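Chain and residue survey
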Amino acid sequence: MTYDLNRFDLGDMLKCSLRLREAASGAPTLEVSAQRICRFLYEQLHGPGVDRACALVRCYKTHAFGSLEPELQEFARSIMGSESPRPTMKCLTLMATIGATASWNSRHLSRGHRAIPLPSPEIVEKAPMISQLIKELGLELSSVLQPSPEVVKELAGKRHGVFHVENALGSPYIPAQDEFVARYGIRSVLGFGGMLASGDLFAVILFSTVHVPASAADRFKTLALDVKSAFSRFSDTNVFNRISAPAGEGARTQ
């Protein structure tokens, strides 16, 4: 059974929600769970005249710089240049990716998004897509970058939002207009997510080649709850894959 991203009615949402929870369950690490979620959405969402509605599906989660594996720390340092990262600085980290080109199917092959430093609200504001994503998910930049226990308790229980760019071409919120949006025919961008009890932000982002209206996008708030439920059972010790996972389930590419 597949689901029409162009309409994604109530029936689609309920059925997709159930199958998404099943796909994400039983994973040994959060990375594997994220890869299963991305693969499910990439394979099951279609549109008028196309078998797959998305050119690219990605999952992100924030992590403190000090908790990242050395490869990701080095990547984040390379972006920051001469500025020294704090151990507690949040990084928006690519957990899983699947798409229409080979380099989109391993987080290790991403050229610019493996671990994006978020040193301050002022700097994040200069990254339009990231800042708008956080705001449309119903969160304050300061709450994501330096989450206090009080804010985490308030937001983790109820905030699940949708980031929606109905017309990606020409949008100030979607970078790489020529080499990505125009080249791959991206029509709409849809993100959904929220905050975990750990204080970390999570988001799944769909780059769709079919038009996604607001009515369809809004129903993905329910799927944000499913992803949160899947991710909430992981501790800090089983986030990233430490050994090779089975093919198609987030296996590491060396």
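Structure: see above.
Let us look at the structure shown here. As the structure is a computational prediction, the values presented were derived from the model and not from experiment.

**Some details on the pattern of salt bridges**
On inspection of all chains with the given rule, the structure shows 12 salt bridges. When salt bridges that share partners are traced, they join Arg7, Asp9 and Asp12 into one network.

**Re the sheet that holds strand 3 (residues 54-64)**
Backbone hydrogen bonds hold the strands of a sheet together, and the pairing may be parallel or antiparallel. Spatially, 5-4-3-8-7-6 is the arrangement adopted by the six strands of the open sheet, whose pairing is antiparallel. Sheet topology places strand 5 (115-118) and strand 6 (160-165) at the edges, where each strand pairs with a single neighbour. Averaged over all pairs of adjacent strands, the angle between their axes in this sheet comes to 20°, without regard to strand direction. Of the pairings in the sheet, the one linking strand 3 to strand 4 (residues 90-99) comprises nine bridges and is antiparallel in character. The residue bridging Ala64 from the neighbouring strand is Lys90, located in strand 4. Sheet contacts for helix 3 (residues 70-80): strand 4 and strand 5; angle to strand 5, the most-contacted strand, approximately 55°.

**Examining helix 3**
Regarding helix 3, the residues found buried are Leu72, Gln73, Phe75, Ala76 and Met80. Viewed along the axis of helix 3, the buried residues span an arc of 160°, placing them on a single side of the element. Exposed and oriented more than 90 degrees from the buried face of helix 3 are Pro70 and Ser78. Residues of helix 3 that are buried sit in contact with strand 4 and strand 5. Following helix 3 by one or two positions, Gly81 adopts a phi angle in the positive range, close to 70°.

About the criteria used
Residues numbered from 1 in each chain as written. Predicted model: local features only at pLDDT ≥ 70, side-chain atom pairs only at ≥ 80, totals over all residues. Heavy atoms only, no water. Salt bridge = Lys/Arg side-chain N within 4 Å of Asp/Glu carboxyl O. Pairing = 2+ DSSP bridges. Helix = DSSP H or I, 4+ residues; strand = E, 2+ residues; numbered from the N terminus. Axes fitted to C-alpha atoms, helices over the stretch in contact; angles between N-to-C directions. Contact = heavy atoms within 4.5 Å. Buried < 20%, exposed > 50% of the residue type's maximum accessible area, 1.4 Å probe, protein only. Arc of directions from axis to C-beta.

That is the geometry; function is a separate question.
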